[in-house]
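Analysis of the macromolecular model
As a plain string of letters, each chain reads:
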Amino acid sequence: MADKDNLIKLNFEHLKNAIDDEHFPNSHYVYVSKDFAVVRCFQHVLKVFLRLGQPYRLGELRIGRIISGTMKITINLLNYEFHEGMIIYVSGESIVHPNYFSRDLNMEAVSTS
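For the structure given in this document, a descriptive report is provided here. Everything numeric here is computed off the predicted structure, so don't read it as measured data. (Residues numbered from 1 in each chain as written. Predicted model: local features only at pLDDT ≥ 70, side-chain atom pairs only at ≥ 80, totals over all residues. Heavy atoms only, no water.)

The sheet built from five strands is open, its strands ordered β1-β4-β9-β6-β7 with mixed pairing. Each edge of the sheet is formed by a strand with only one pairing partner; in this case those strands are β1 (8-10) and β7 (78-83). Each strand of the sheet is rotated relative to its neighbour by a mean of 35°, with strand direction disregarded. When strand β6 (residues 70-75) meets strand β9 (residues 95-101), the two strands line up antiparallel, connected through five bridges. Bridge pairing in β9 places threonine 74 opposite histidine 97. (Pairing = 2+ DSSP bridges. Helix = DSSP H or I, 4+ residues; strand = E, 2+ residues; numbered from the N terminus. Axes fitted to C-alpha atoms, helices over the stretch in contact; angles between N-to-C directions.)

Tracing the backbone shows phenylalanine 82 in strand β7. What makes phenylalanine 82 buried here is its relative accessible area of 7%. Residues phenylalanine 82 and lysine 72 lie 10 residues apart in sequence; the distance between their C-alpha atoms is 6.4 Å. Residue contacts for phenylalanine 82: discarding those within four places in its chain leaves Ile66, Gly69, Thr70, Met71, Ile73, Ile75, Ile87 and Ile88. (Buried < 20%, exposed > 50% of the residue type's maximum accessible area, 1.4 Å probe, protein only. Contact = heavy atoms within 4.5 Å.)

Pasting the structure below:
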């Protein structure tokens, strides 16, 4: 259940910890270094990190490409809907509030600090 009163910060450390805790079944889905991260299969990130209705503060800049599906999110109080083929840019320290993910949603993402 989402806790809308508590803003959760997502950064490289959270992603690295998830890899260390073996939340990602195959290491070729995610790469994380000190200042750079690549996610090749966003479906695994959805299962481990993101919950609808929960606001998050993203620690670093994110760029993503929707491979399939649809997502509706609020970024810094502005509502967006993204579909297959679209590019997403979210600056560091932005507040992201996921509102809807289609069952077939998948994306690739790159993040840098």
